[in-house]
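Chains, contacts and geometry: an overview
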Amino acid sequence: MSADRLSVRHDDGEPLLQVAELRTHFRTPRGMVRAVDGVTFTLERGKALGVVGESGSGKTVLARTVMGLLPKRNVNTSGSVRFGGVEMLGLPQRQMRELWGTEMAMVFQDPMSSLNPLMKVGKQITEPLRFHMGMGKSDSIATAERLLRDVRIPEPRRRLNQYPHELSGGMRQRVMIAIALACGPNLLFADEPTTALDVTVQSQILDLIAEQRRDRNMAVILVTHDLGVVANYTDEIAVMYAGRLVEKAPTRTLFSNMKMPYTKALLRSIPKLNLPSHTRLDTIPGRPPDLVHPPRGCRFAPRCANARDRCTEEEPPLLAADSDDHTYACWYPVGSPEYREREEQLKRLDDRRVLAAEEAG
Amino acid sequence: MRYLLQRFVQFLIVFVVVTFIVLAATRIGSSDPLRDLAGGQVNQERLEEVAADYPYLDKPLVIQYGYWMTDIVTGDWGYSYYQSQSVMDMFKQRAPATFFIVFWALVIGLLIALPVGIYSAYRRDRIFDKATSLSTFATISMPSLVVAVLLLYAVAARTDLFPTVGGSNYVAPWDNPYEHFKNFFLPALTLGVGIGGVWSRLLRADMVLTLQSDFVTLAKAKGISPMRILWVHALRASVLSLITSVALQLGALISGSIIAEQFFGPRGLGDRLVFAIQQNDLLTLQAIAVVIVAVVVVANLAVDLLYAVVDPRIRAARALT
């Protein structure tokens, strides 16, 4: 095994992760589902990237493809995933296994179903330690206890001998993070790490991930449907729609100057604390498109209030905005004359409707 | 604890009901129980002797059951005039052969089911899965008497390794392991292949579901080897149906032993049971039936306990009741 050990580099200026033109297509009886359809991005060491999109936008598939966790059967992947200078796509499982846990790790969405219900927590944490680091029994138990303390689990020694069902949801997610951190990975995927948790616990978990990222200089890819979640915890945000990146920018830039109407719609669909209660939440009408037959032109056009003829005919390329690190794919981005014009029209229409309603009432 | 007690009472009820049916069935099958107990065509003296031993034969069946069960529980299984042997002695003599046929059939069944079930789930719809799916289907659909004939024809008759038809004898494994193997391999295999096919399919089905669960993906993402994922993580979560079936099939294996004993020859309880039925040897018949019922009931009780060993959540839920 050592003969073909991978030479993942962590020294030179090369970025940690370079994904180029990545495509993941599932062969199904209905046809080819283009879950990820040409995604390109780069992630530097120690940085946090948020991948945001609705369910079905391909963000989870993207994370799993990059990590190489998808089954081979009925899956076509193409493009390139370079990790530490090594091309990962097409590597045999045997070699991937050396990277899983030690170089990259994943925190899954549902801590209820992602921990082995029949195995004590301690064993689940020591398993990768013994497997990858060749630790002995007592060493690995001591390390596991330290990891549980790192993720702020009270009475870590007692927890080692407990089963997942004996822990609360938040605690289980902490255990999962401890497992992911066990072998000191350089890249952590967090796939909707807080979606299955109580709201009160969500920020604790995200704080924990952020803290561990800083302490370990570990890069994080945070996959979520909630734009609000990524705002405080990422350096950069990539918005995904129908298998493609539609906007990508440093977090601050994105929130101050979002270009893609889809991003804006996502933001509008988050409840805001400063609005009076019972304010109707904006939703994005319609559903994400069928990924077997994605619409022609811009894939968001059928649901976009600002779409014009060009949008349904020509697919907009991913263009750079004012700065190079802000890209978006839209013919009439937020702030463009056409966008403003349509916005005015919609507003007038809305006002008229309100007036009509008032007169009628 | 309360849970255990509940289960125990349940199984006790099952035992009583089934053994009562056993008694009733033997009485239905016998036009003259006294004569059958005395050994068929015998003189008046013998009949009176036996009538004195069993004074309750003209009582209602429920009363008879009470007397009989008391005898069974206290170890007084009676004397079979047909065999000129006490039933308990017969049992001590015959039970080991049947025990080993069933035991080895079980081992063979599991030795087939574990690798086949696990690996065909792991390589679902691939060539290995398709091949084993076909062959397990074949062994399941083949009655064990056909398997027995095939084994006799293809193995026993063509090699000197194994005794041929009816030639096997009981040899205890601790006396001579090799002879034990020679005498028990084919009869055990006869029953084992069929049952192994059933268990392979059961395990495969559960395993396929388990392999799709998140915790298996997490184990994979930890960089654990596929073998360890399969045998340590996924197997344990997939064995509940399998162990349930093992307990349920135990009764079927014991009845299957009748066929194996007939064909191959280590003569055990099954062989005796067949004669007892032909001769209307009521005491022998009843005793063997009771033992089979008891074994199956106890096995199911054991499986119930095993659930809690396998799954800590079941343990926790039971602790609450």
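Just so it is clear, the model here is predicted, and its values are computed rather than measured.

For the rest of this paragraph, the subject is the packing of helix H5 (residues 87–122) of chain B against helix H13 (residues 282–310) of chain B. Residue and element names in this part refer to chain B. Closest axis-to-axis distance for the H5/H13 pair is 10 Å, and the angle between their directions is 50 degrees. By the angle between their axes, H5 is oblique relative to H13. Crossing of H5 against H13: the hand is right-handed. Note on element contacts: H13 touches H5 through Leu283, Thr284, Ala287, Ile288 and Val291, opposite Val87, Met90 and Phe91. When its residues are assigned to classes, the contact of H5 with H13 shows 7 nonpolar, 1 polar and no charged.

On to the nonpolar core. A general feature of soluble globular proteins is that nonpolar side chains tend to end up buried together. Grouped together as the largest cluster of nonpolar side chains are 109 residues, with contacts concentrated most on Leu17(A) and Leu187(A). With 8 residues, helix H7 (residues 169–181) of chain A is the largest single contributor of residues to this core. Ignoring any residue separated from it by four or fewer positions in sequence, one finds Leu187(A) in contact with Leu16(A), Leu17(A), Leu43(A), Phe83(A), Glu103(A), Met104(A), Ala105(A), Met218(A), Ala219(A), Val220(A) and Ile221(A). Within the second largest apolar cluster, 37 residues are counted, among which are Ile118(B), Ala121(B), Val239(B) and Ala260(B).

Residues and elements named next belong to chain A. Applying the stated criterion across every chain yields a total of 29 salt bridges over all chains. Notably, a salt bridge pairs Arg158 with Glu155, separated by 2.9 Å at the nearest N-O pair. You can call Arg158 partly exposed: its relative accessible area is 42%.

Residue and element names in this part refer to chain B. Per the domain assignment, the segments making up chain B are domain 1 (1–76 + 280–321) and domain 2 (94–275). The distance between the C-alpha centroids of domain 1 and domain 2 comes to 29 Å. With 14 residues of domain 1 at the contact, the number on the domain 2 side is 13 residues. For domain 1, the biggest contributors to the area lost against domain 2 are Ile288, Tyr307 and Val310; these three give 36% of the whole. The interface formed by domain 1 and domain 2 contains 0 salt bridges. For the pair domain 1 and domain 2, the number of links is 3 residue pairs in polar contact (both at pLDDT 80 or more). When residues in the side of domain 1 that touches domain 2 are grouped by element, the largest group, 13 residues, is from H13. Looking at the side of domain 1 that touches domain 2, its residues break down into 12 nonpolar, 2 polar and no charged.

What counts and how
Residues numbered from 1 in each chain as written. Chains lettered and ligands numbered in written order. Predicted model: local features only at pLDDT ≥ 70, side-chain atom pairs only at ≥ 80, totals over all residues. Heavy atoms only, no water. Axes fitted to C-alpha atoms, helices over the stretch in contact; angles between N-to-C directions. Helix = DSSP H or I, 4+ residues; strand = E, 2+ residues; numbered from the N terminus. Parallel < 35°, antiparallel > 145°, perpendicular 65-115°, else oblique. Left-handed = near helix turned anticlockwise from the far one by under 90°. Contact = heavy atoms within 4.5 Å. Nonpolar A, V, L, I, M, F, W, Y, C, P; charged D, E, K, R; others polar. Core = buried A, V, L, I, M, F, W, Y, C linked by side-chain atoms within 4.5 Å. Buried < 20%, exposed > 50% of the residue type's maximum accessible area, 1.4 Å probe, protein only. Salt bridge = Lys/Arg side-chain N within 4 Å of Asp/Glu carboxyl O. Domains from an automatic or database assignment. Buried area = accessible area lost by both parts, 1.4 Å probe. Polar contact = N/O pair within 3.5 Å; in protein donor to acceptor, adjacent residues only side chain to side chain.

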